[in-house]
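Here are the chains, one letter per residue:
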Amino acid sequence: MQRLFQGIAAHILDRRNWIEAGTHPAAWLLWMLVIVTVCVLAARGQGANSVTQVYRDAASAWIDGRSMYPPTEQINGDGWIYPPPTVMVFMPKAIIERGTRAVVAPHLGNERAAAVAIATGDVFWRVVSGMILALSIFRLSRLLCARGHGEWFFMMTLLAIPASLGSMLNGQINVLMAGAIVLGFVGIAERRWGWACVWLTLALVCKPAGVVGVLLAAALWPRQMWRLVPLIALALLLPMSMNAPAYVLSEYQAAAEAISVASRLDTRVFADLGGLLTTLGVFPGGAAMTVLRVAVSLVVLLLCWCALRRLGPVYGAVMTMVLCAAAMLLLSPRTEGNTYVLLGPGVAVLAAMCLLAEPPLKRTVMGYTLVGVAIVLGVAHAISPVLLGSSSDSAIRPAGAIVVAACAAVLTLVGAGGLPGVRTKWRPITTGHAGPGTSPATEPRSPAYARS
């Protein structure tokens, strides 16, 4: 028995077994298995532990010309508090549900037809958002692997799934947003500026917290990110083309009021930097948290700037993506536990960089630390009552985000030597006409450039 376990451990610790050809289809099979399982559970639950009913109600109100927001006196922090462009994301789901109900109602009756329509829409939503997340991780692995075949895809899949399960099961928009952020920064690394701006705009449409990615991209690649301006303007004006302008303007006003009231009245402790400090016994006021958020934002911007100049355009964009996700989660005042699906791809790519690139010991230790973080992100809701005596994940997941950001900072500043595609360890690159981190003399030997 001891030899059996020793053999299994040796197999797991051999990096060659993680990047062989057979792991590639296994990763896609694993994603399909997870998505099918989530869809079956969601269809059987008919909305239990799901937020899709909130999305469904908002989309129905929009189609019918009713207000998506409750009266001011009924706002309590729950329900629909997103801007009107967000509801556009759910229009395909709403149309499929209404079409399904119209088709099957004559045969099954209204009640059963409604149940079938809801199940169909929920399955469609989870399949689309789950596949976009899977595609984003595949594209990220393909970007970084030397042969461009995504040899890291299997390991990255294993590490990204734990943080994703809760949000996928609940049908939250966070899954789609996570995929959009990854694809946006992969597009930047590949110099596909148009697609990068489209994905980052979609992330912003999904949730206002997506503004972190937009601002980082605009600050670090200003000459290429001008495309964000017309795309964001189009996203803001798109609702006008689908409903009466007067109604749309009133919904924008109601959204601003709902967000303002919810931020004042919702006294819950969230899984952000403020929630972590509160759990530790530090109770920062509103002004102190504002100063802290500004300071952290500046540190993140500086680290991203350093990553571009020290690691080049590909790894610089990847590090920016990781730090962007961590900043979104820690600085947003309403971060919930399932929102940490945004951090899953970042944990996965950093761990793969540490463990699969024939690293020295210091990166191996960091890699196993990140593997532990990936597992903790998936089980934080279960271990919080044991460790903290509370079901809230206001401390464990934010602490994990800080660990991930610290690992990204260490790799950027002291530990990136030997990564595949990084030609020099510390030679700063020259900012050319294409923006920071894009000097042809120091581009990594990445398959991304052969394909672009």
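Here the structure is shown first, and the text comes after it.
Residues numbered from 1 in each chain as written. Predicted model: local features only at pLDDT ≥ 70, side-chain atom pairs only at ≥ 80, totals over all residues. Heavy atoms only, no water.

Helix and strand content of the protein chain: 18 helices and zero strands. Buried positions account for 52% of the 452 residues belonging to the protein chain. Considering only intrachain contacts with a sequence separation of at least 6, the fraction spanning at least 24 residues in the protein chain is 75%. (Helix = DSSP H or I, 4+ residues; strand = E, 2+ residues; numbered from the N terminus. Buried < 20%, exposed > 50% of the residue type's maximum accessible area, 1.4 Å probe, protein only. Contact = heavy atoms within 4.5 Å.)

Looking now at the layout of surface pockets. Using a probe with the size of a water molecule, rolled over the atoms, empty space left in the structure can be pinpointed. Roughly 1,000 Å³ of volume is contained in the largest pocket. Its residues assigned to classes, the lining of the largest pocket shows 25 nonpolar, nine polar and five charged. One number sums up the size of the second largest pocket: a volume of about 320 Å³. If you go around the second largest pocket, you meet 14 residues; those closest to its centre are V198, T201, L202, V205 and A235. Ranked by residues supplied to the lining of the second largest pocket, first place goes to helix α9 (residues 193-206) with six residues. Its residues placed into classes, the lining of the second largest pocket shows 13 nonpolar, one polar and no charged. (1 Å grid on protein atoms, 1.4 Å probe; cavity = no way out; pocket = protein on both sides within 12 Å on 5 of 7 lines; lining within 4 Å. Points joined across faces, edges and corners; volume = space filled by probe spheres on them. Nonpolar A, V, L, I, M, F, W, Y, C, P; charged D, E, K, R; others polar.)

Further remarks concern a nonpolar patch on the surface. A cluster of nonpolar side chains, V294, L298 and L301, forms an exposed patch at the surface whose accessible area comes to about 250 Å². Tracing the sequence through the fold places V294 in helix α14 (residues 286-331). The class for V294 is partly exposed, based on a relative accessible area of 47%. (Patch = residues over 30% accessible without salt bridge, like charges linked within 9 Å, V, L, I, M, F, W, Y side chains within 5 Å. Areas by Shrake-Rupley, 256 points an atom, 1.4 Å probe, with all protein chains shown as cover. Salt bridge = Lys/Arg side-chain N within 4 Å of Asp/Glu carboxyl O.)

Under the definition given, this model contains five cavities of 30 Å³ or more. Within this model, the second largest cavity holds a volume of roughly 50 Å³. Every element with two or more residues in the lining of the second largest cavity is listed here: α8 (174-189) and α14. Class assignment of the residues belonging to the lining of the second largest cavity gives a composition of seven nonpolar, one polar and no charged.

Tracing the chain through its elements places T339 in the loop between α14 and α15 (344-355). Every residue in contact with T339, bar those within four places of it in the chain, is listed here: N174, K207 and L329.

In this section: the nonpolar core. Among the nonpolar cores identified, the biggest contains 130 residues, and I188, W221, L343, V349 and L350 are the most heavily contacted of them. Residue contributions to this core peak at 22 residues, all from α14. (Core = buried A, V, L, I, M, F, W, Y, C linked by side-chain atoms within 4.5 Å.)

Any pair of aromatic rings gets described here by the distance separating the centres and the angle formed by the planes. This structure, assessed with the given rule, holds 10 aromatic pairs. Seen from their ring centres, Y55 and W80 are 6.3 Å apart, and the 85° between their planes marks the pair as edge-to-face. Taken together, the residues span a long stretch of sequence, with Y55 in helix α3 (residues 52-64) and W80 in the loop between α3 and α4 (84-87) at a distance of 25 residues. Pair check on accessibility: Y55 and W80 agree, each one buried. Chaining the aromatic ring pairs together yields one cluster made of Y55, W80, Y82, F90 and W125. (Phe/Tyr/Trp six-rings, centres within 6.5 Å; stacked < 30°, edge-to-face > 60°.)

Between helix α6 (residues 110-144) and α8, whose axes approach to 8 Å, the crossing angle comes to 30°. In this view, α6 runs roughly parallel relative to α8, as classed from their interaxial angle. The crossing of α6 and α8 is left-handed. Contacts between α6 and α8 pair W125, S129, G130, I132, L133, S136, R139, L140 and L143 from the former with V175, L176, A178, G179, V182, L183, V186 and A189 from the latter. Of the residues assigned to the contact of α6 with α8, the class counts are 12 nonpolar, four polar and one charged. (Axes fitted to C-alpha atoms, helices over the stretch in contact; angles between N-to-C directions. Parallel < 35°, antiparallel > 145°, perpendicular 65-115°, else oblique. Left-handed = near helix turned anticlockwise from the far one by under 90°.)

Keep in mind that these numbers describe shape and distance, not what the molecule does.
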